[in-house]
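Letter by letter, the chains look like this.
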Amino acid sequence: MSLDEEVALLRSAPLFSEVATAQLKLLAFASDRQQFAAGSTLCVAGESGNECWLLLDGEVAIDIPQGEGTRSLGTRGRGTVIGETAVLCRLPRTATVRAVSDTDTLCIRGDTFTDLLRGSPETCLKVIEQLGQYLYRQSVQTGAGQAPS
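Residues numbered from 1 in each chain as written. Predicted model: local features only at pLDDT ≥ 70, side-chain atom pairs only at ≥ 80, totals over all residues. Heavy atoms only, no water.

**Section: the sheet that holds strand β2 (residues 41–43)**
Logical step 1: Spatially, 4 strands are ordered β2-β7-β4-β5 in an open sheet, and the strand pairing comes out antiparallel. With one partner strand each, in any of the chains shown, β2 and β5 (69–76) form the two edges of the open sheet. The mean angle between the axes of side-by-side strands here comes to 25 degrees, regardless of whether they run parallel or antiparallel.
Logical step 2: Inspection of the sheet shows β2 paired to strand β7 (residues 96–99) by 2 bridges, in the antiparallel sense. Along β7, the bridge assignment pairs cysteine 43 with valine 97.
Logical step 3: Each of β4 (60–66) and β5 is contacted by helix α5 (residues 121–142), which is oriented at about 125 degrees to β5, the strand it contacts most. (Pairing = 2+ DSSP bridges. Helix = DSSP H or I, 4+ residues; strand = E, 2+ residues; numbered from the N terminus. Axes fitted to C-alpha atoms, helices over the stretch in contact; angles between N-to-C directions. Contact = heavy atoms within 4.5 Å.)

**Topic: unusual backbone geometry**
Logical step 1: Phi at arginine 90 takes a positive value of approximately 55 degrees, unusual for a residue other than glycine.
Logical step 2: Relative to the elements of secondary structure, arginine 90 occurs in the loop between α3 (84–89) and β7.

Spelled out as structure tokens, the structure:
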């Protein structure tokens, strides 16, 4: 996959949809490709994390702890960003994510992500806005919040 294709996929993710192309190129260039075999784990709920992943190809299943078990949030595929909350908020992972199929990712290290934000207040504000919208959607999806009627 070329740098331009990685940038296009970053732009397709809501978190990065408003970020300037030059910034996305820097982010893609500074990140690493990482592959996960079907059945392997990207991250585990409760663990700390210093990276997030853009899914370039493949599919992952997302489960959140609930009571003594887990609740499935379904699967995600190409163009999805996984693990951004742990990186941006420095909080433990909120979900366990497993590869359903062989999965190719762009691994974005936390320091790379924060360098992007420190370098551009406008980018920082756009990412915060997208993250807020994501957290709102997640709270509605998990039943922690309600959508306005």
